[in-house]
Amino acid sequence: MIKITENSLRDGHQSLLATRMRTEDLIEAAKIFDSIGFHSLEVWGGATYDTCLRYLKEDPFERLNEFKKVCVKTPLQMLLRGQNLIGYRHYADDVVEEFVRLSAEAGMDIFRIFDAFNDARNLKKAIESVKKYGKHAQGAICYTTSPVHSIARFVSYAKELVSIGCDSLAIKDMAGLLTPFAAYELVKALKAEINVSLSLHTHSTAGFAFGAHLKAVEAGVDVLDLANSALSEGTSHPCTQSMVATLKDTQWDSKLDIVPMEEAADILRKNRRKYKKFESQYNQIDTRVLVSQIPGGMISNMANQLKEQNALDRMDEVMREIPNVRADFGYVPLVTPSSQIVGTQAVLNVLMGERYKTITTETRNVIRGLYGRTPAPLNQALVEKVLNEGEEMLSVRPADLLKPELQKAKEESKAFAKSPQDVLSYAIFGSIAETFLQERNSNTLSPEPLESFEERCDDKLPKEFEIVVNGEHYAIKVEGSGEKTDEVRPFFIRVDGELKEVFVESIDKSLEGKIQKEQKAGALPQVTVPGHAKSPMPGTLTKIKVKVGDKVNQGDTLAIVEAMKMENEVLSPIDGVVKEIYAAQGMQIGSDVAIMLLG
Ligand code: CO
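Below: a short report on this structure. These numbers come from a predicted model, not from an experiment.

Rules used in this analysis
Residues numbered from 1 in each chain as written. Predicted model: local features only at pLDDT ≥ 70, side-chain atom pairs only at ≥ 80, totals over all residues. Heavy atoms only, no water. Buried < 20%, exposed > 50% of the residue type's maximum accessible area, 1.4 Å probe, protein only. Helix = DSSP H or I, 4+ residues; strand = E, 2+ residues; numbered from the N terminus. Pairing = 2+ DSSP bridges. Right-handed = clockwise from strand over helix to strand, strands pointing away. Core = buried A, V, L, I, M, F, W, Y, C linked by side-chain atoms within 4.5 Å. Donors = N, O, S within 2.8 Å, 3.2 Å for Na, K, Ca; no water. Salt bridge = Lys/Arg side-chain N within 4 Å of Asp/Glu carboxyl O. Phe/Tyr/Trp six-rings, centres within 6.5 Å; stacked < 30°, edge-to-face > 60°. Lys NZ or Arg CZ within 6 Å of the ring centre and 35° of its normal.

1. Quick notes on the pairing of strand S3 (residues 76–80)
Consideration 1: Extensive coverage of S3 is indicated by the burial of five of its five residues.
Consideration 2: Covered by surrounding structure in S3 are Leu76, Met78 and Leu80 together with Gln77 and Leu79, the residues of both alternating faces.
Consideration 3: Note: S3 against strand S4 (residues 110–113), four bridges, orientation parallel. Across the sheet, residue Gln77 finds its bridge partner in S4, namely Ile110.
Consideration 4: Crossover handedness for the path S3 to helix H5 (residues 93–105) to S4: right-handed.

2. Things to note about the nonpolar core
Consideration 1: Core analysis: the largest hydrophobic core is formed by 145 residues, its most contacted members being Leu80 and Phe99.
Consideration 2: In this structure, Leu541, Leu558, Val578 and Ile595 belong to the second largest nonpolar core, which totals 17 residues.

3. Side note on the coordination of the cobalt ion
Consideration 1: The cobalt ion binds to the protein through Asp11 (OD), His201 (NE2) and His203 (NE2), with metal-donor distances spanning 1.9 to 2.1 Å.
Consideration 2: All donors of the cobalt ion belong to a single chain; written as a sequence motif, their spacing is D-x189-H-x1-H. Pair noted here: Asp11 is in helix H1 (residues 8–17) and His201 is in strand S7 (residues 198–201), with a separation of 190 residues, a long-range link. In this pair, the class of Asp11 matches that of His201, namely buried.

4. Notes on the sheet that holds strand S15 (residues 551–552)
Consider a sheet: its strands pair through backbone hydrogen bonds, and that pairing is either parallel or antiparallel.
Consideration 1: One open sheet accounts for four strands, arranged S13-S20-S18-S15; its pairing is antiparallel. A strand with exactly one partner marks an edge of an open sheet, and here the two such strands are strand S13 (532–533) and S15.
Consideration 2: Direction of pairing for S15 relative to strand S18 (residues 576–581): antiparallel, over a ladder of two bridges. Residue pairing for S18: Lys551 is matched across the bridge by Val577.

5. A look at the pattern of salt bridges
Consideration 1: Per the stated rule, a full pass over the model turns up 35 salt bridges.
Consideration 2: Between Arg101 and Glu105 there is a salt bridge, with the nearest N and O atoms lying 3.1 Å from each other. Highlighted residues: Arg101 and Glu105, both in helix H5, separated by four residues, approximately one helical turn.
Consideration 3: On the basis of relative accessible area, Glu105 is assigned to the exposed category, the value being 57%.
Consideration 4: One continuous salt-bridge network, built from bridges that share partners, spans Arg10, Asp11, Glu42, Arg112 and Asp225.

6. Details of unusual backbone geometry
Consideration 1: Cis geometry marks the peptide bond from Thr336 to Pro337; its omega dihedral reads 5 degrees.
Consideration 2: Within the element layout of this structure, Pro337 appears in the loop between helix H14 (315–328) and helix H15 (338–351).
Consideration 3: Positive phi is not limited to glycine here, since Ala18 has a value of about 50 degrees.
Consideration 4: Tracing the backbone shows Ala18 in the loop between H1 and helix H2 (23–34).
Consideration 5: Taking relative accessible area as the criterion, Ala18 reaches 3% and is therefore assigned buried.

7. So, the packing of aromatic side chains
Consideration 1: Scanning all chains against the criterion turns up 10 aromatic pairs.
Consideration 2: Ring geometry for Phe33 against Phe38: centres 5.8 Å apart, planes inclined by 80 degrees, an arrangement best described as edge-to-face.
Consideration 3: Assessed through its relative accessible area of 0%, Phe33 is described here as buried.
Consideration 4: Between the aromatic rings of Phe416 and Tyr426, the centroid separation amounts to 5.6 Å while the plane-to-plane angle is 70 degrees, which identifies the pairing as edge-to-face. In this pair, Phe416 sits in the loop between helix H18 (406–412) and helix H19 (420–429) while Tyr426 sits in helix H19, placing the two residues 10 residues apart along the sequence. Note on accessibility: Phe416 and Tyr426 belong to one class, buried.
Consideration 5: Clustering of aromatic rings is evident, with ring pairs tying together Trp44, Tyr49, Phe61, Phe99 and Phe429.
Consideration 6: Above the ring of Tyr88, the side-chain terminus of Arg81 is found at 5.3 Å from the ring centroid.

Take a look at the structure:
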């Protein structure tokens, strides 16, 4: 009998709708799913937590509590990034343990834990903590293809994961690269060598995931990760109902009832419509992934990021650059955070017109060994470029070098953190969590709108009003608007009962003009002198760490710029004193402007 993990409530909308679905739009389906008899329901993960804080303005622990209330029979599952937890860097061991403690207490049952580099040392602390709190630790093998990855290598990694305490294993094929026959071979080999339960997690991006699942079933896999039809296929998973029907009356029959799944599908399908704005434009079969290896969620996020930087037209170039960067990085699997690190560096290589002209902080950290061992050696030229004289790559477990962080986070967040969960959010997400918590405390949370810019503008337009011209009153009623052509939109307006068609420059265009003007007014100077400090890449200036009059040395961190969810340091170009700060925290900045002047 095949068991099924229903993953629409986590990865389904993560892959298709940039993780934007709100608890209220998922909870009814969760309630139905709980009655069906699934092996587990995956409902939480790094992207869920991050998006809750950053965009949805929901307390991530509240979401978990809500799910736990309605899911009384089915184990809840989460995806954990090993020592990276739910963030993008390695956290100290005390933060790892606190995260697991609080999640376990809130009702998380199965922790699926992975490390982006498949470096088992980075899973150890998380596994140990999960066991300590009496929960199920599942080790996930990040699947990828490269000249250095082989079945033997995956099998030996699987054995290592079992030896350090994993209760079960999963093949985590985040980009959907596992072809059906490769799935068969891999599952066969793993099942021959290990005797714990094995799950398969893959994505439909390249069109063959359903086949991969079927071949894995034949080869003896125990659990399949699937998604309800309303949030399946494309960059998501194969459909739960289709698989249940396929296996019915065979030796692998899941014995699950499709009828309630259809009820849940109706609800989710209806709710999905609200999120049209976030639908990935890459939501059908996309075989480019076979070359680029960009995982499902990453493709839509990268398109969004490039759009913000007015460079969506360079997506294809970035997709071509990614395999090059990945090879330089020792063929790391592409999954958070390595996907962001490789993706951001590839974006920079393309936008700067020269490879590694600008190197992000995270790229430097990968080269220094701060994320662990890469599967193959790094590009030697890049290593030499990054490492300082006499500096060597790290050889110990990266977290061994980290001092405890929880106490410091507690002190720093005293003013706005009201619970251990708040402190934890701050310890992991820093200023993002701080903003959320302060807004929550002052009742000023404003979730990102679901409608497009244009829809919101149309909504705000008064439909009926009175105007006075030369003392004469006219009753005006806007009856509707037509299709926009050449920046002009026809409006149908009734003036004192008489219908007229008027053509106006469209509303969004005039607002755009206003915004552009505002941005120009606050524009930053171009970099012209050696003392001008600039950002390594376009993004949001999240923190300025110095003030006018501070003495700094070349290479000191002056500010933090966030782009593509990665923090990049703005380093001091010279030794000197901060003379003038041009930019303000929260500003969108380009990479060719001066943030401050040093002299
Ligand atoms: Co996935």
